[in-house]
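# A look at the structure
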Amino acid sequence: MPDPDTAKHQTGPIRLADFIRANVDPIVAEWVNFAQTRTPASESMTKLALKDHIVELLEFIADDLESPQSKNEQVRKSRGLGVEGGEFARSAAEIHASLRQSDGFSIDQMVSEYRALRASVVKLWAASSQVISATDLEDMTRFNEAIDQAMTESVAEYTKMVNQSRDLFLGMLGHDLRNPIGAALMAARLIVKRGVADSKESRLSSQIALSMERAIFILDDLLEVTRSAFGAELPLVRTPLKMGELGTQLVEEMRTLSGGKRIEIEIEGDTQGEWDRSKMGQVFSNLIGNALQYSPRDSAITVKITGQGDRVLISVHNEGDPIPLDRQKTIFESLTRGKDSGSEGAGSAHLGLGLFIAHKIVVAHGGKISVDSAQEGGTTFSAVLPKRCADDSD
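Quick caveat: nothing in here was measured; it's all calculated off a predicted structure.

Turning next to the overall build of the protein. The helix and strand tally for the protein stands at 14 helices and seven strands. Each of the 394 residues in the protein was classed as buried or not, and the buried ones make up 44%. Of the contacts made within the protein by residues no fewer than 6 positions apart, 74% connect residues no fewer than 24 positions apart. Of the roughly 20,600 Å² of accessible surface on the protein, a fraction of 54% belongs to carbon and sulfur atoms.

Dropping the structure here:
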C-alpha cells in the first residue's frame, strides 16, 4: 500500500481513486468512528462487524472511478440504474448486503454505513489540502454515483433476501400446519358424524371442527399472500362459471361457521361468466367471514349477486358497527383490520389478510371492490367484475 504522506506530496493533483487506495486504513478508521455514532443501534455493532467487507467495497469504488464511462452510463448511474451486468454490483454491493442481512443488521443500519463511508472519504480527501481542479469535481461526481449505485444494489439485494425469507416462512407455515390441522378436523367431524359421544362432547367436537376450519382459512390466506408475493399479478385459471351458483355454495359452507347467525343470499339476472372458480370462492369466503366477524349475533348477513349486462355485482352486507373513515381508506391493505373485534364472532383470530386478498383477486379479474360503512345502513362490501376477460376477442 502506498504511503499516505508520499501520496500527498506527489507532483500534480492526486486523483480520488489513488487517494482511496493510498489511504484505506485511515478511511476505514474514520468510517468506523463515524458509523458508531451515526448508525442506528450502533451499540450492537462491533468494530470487526463494521469493518467487515469495507476494504473490498473501497477497492471496487476505486476501480469504478478509473473505469471508462460513457454519457449514457453516467446518466444511468445518476438514476441509480448502474451499468447492466456490471461486476461492481455483483461482487461488492450485493455481497455486502448479503453479509449484513445474515449478521442481523437492519436495512437502516446498512444504509447508514454507506452514508458514513461517503462522509469519511470526503472528510479525509478535503483535509488533504489539495487544490480543487476540474478532475476533482469529476472524481467527486463519479464517487457519489458509485456510492449511490452501491447503496441501491445493496438495498435491492437486502429486500430480495427479506422477501425470500418471508415467502419461505409463510410457505413452510402453511404446508407444515395443514396436515396436523387437517387430521384434527377429520377426527372431530368423525366423532360428530358417528354420534359416539354424549351431547356435551359432541358440542365440544363441533367447536373443535369449527376452530380447525377457521385455522385452515387463515392458512389459505397466508399461502395466497405467499403466491401473490405482495404485488405480483395473481395467476388466474378462467373457466365458465355461474357466479350465483358459486355464491350459493359458499354461503352454505359458511353457514357452518356462522355460530347461529343468519346468512341470506339473493340472486338476480344472468350471472354466467368466466372467472377463476377457486379464487372467486375465496373472495366469497373472505367477505362473508369478515361480515360474520363483525356483525351482531341477532342480525342477518345478506349476500347479493346481480347480473347486469357484461358484468356481475357482488355485495356482502352486515349490520355491525361502522368502520371509521380513516380505516376505510386502508381497509384493503395487508394486515389491516376494520376495527377491533370482540370475543364473539367467527374468525376473531384473523390476521387482516382476508380483505387484502379479496381485493387482489377482484383486481386481477379486472374488477373493482369498495366499502360503504355508516352508522345507519351498516357495512357493505361491493365488487364489480366483468363477465369475461377484457382481452377476449368476442
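Turning our eyes to something else, we now look at the nonpolar core. With 39 residues, the main nonpolar core has Met243, Met280, Phe284 and Ile288 as its most contacted residues. When contributions to this core are tallied by element, the ones reaching two or more residues are α11 (243-255), α12 (277-294), β4 (300-308), β5 (311-318), α14 (354-364), β6 (368-374) and β7 (378-386). Considering every element that reaches this core, the biggest residue donor is α12, with seven residues. Ignoring sequence-local partners within four residues, the contact set of Ile288 consists of Val251, Met254, Ile263, Val303 and Val316. Membership of the second largest hydrophobic core comes to 33 residues, among which are Phe19, Ile61, Ala116 and Trp125.

Here the focus is the pattern of salt bridges. Inspection of every chain in the model, using the stated rule, returns 11 salt bridges. Glu30 is the salt-bridge partner of Lys123, the closest N and O atoms lying 2.9 Å from each other. Linking Lys123 in helix α8 (residues 107-126) with Glu30 in helix α3 (residues 24-38), this pair joins segments that are 93 residues apart in sequence. By relative accessible area, which is 19% here, Glu30 ends up buried. Several salt bridges converge on common partners, so that one network encompasses Arg21, Asp63 and Glu66.

Note that Glu66 resides in helix α5 (residues 54-66). Between the C-alpha atoms of Glu66 and Leu16, which are 50 residues apart in sequence, the distance is 9.2 Å. What Glu66 contacts, discounting residues up to four positions off in sequence, is Ala17, Asp18 and Arg21.

Rules of the game
Within each chain, residues carry numbers counting from 1 in the order of the written sequence. The model is predicted, so local features are restricted to residues of pLDDT at least 70 and side-chain atom pairs to those at 80 or more, both for listing and for counting; the totals for chains, interfaces and linings are taken over all residues. Hydrogens and water molecules were not included; the side-chain quantities draw on all heavy atoms of the structure. Segments assigned H or I by DSSP are reported as helices when at least four residues long, segments assigned E as strands when at least two residues long, and all are numbered from the N terminus. Exposure is judged per residue with a 1.4 Å probe applied to protein chains only, and the accessible area is read against the type maximum: over 50% gives exposed, under 20% gives buried, and values in between give partly exposed. The contact criterion used is simple: two residues touch if any of their non-hydrogen atoms lie within 4.5 Å. Shrake-Rupley sampling with a 1.4 Å probe provides the accessible areas, and residues are treated as covered by the protein chains on show and by no other component. Take the buried Ala, Val, Leu, Ile, Met, Phe, Trp, Tyr and Cys residues and link them wherever side-chain atoms come within 4.5 Å; each set so joined is a nonpolar core. Salt bridges are defined as contacts in which a side-chain nitrogen from Lys or Arg sits within 4 Å of a carboxyl oxygen from Asp or Glu.

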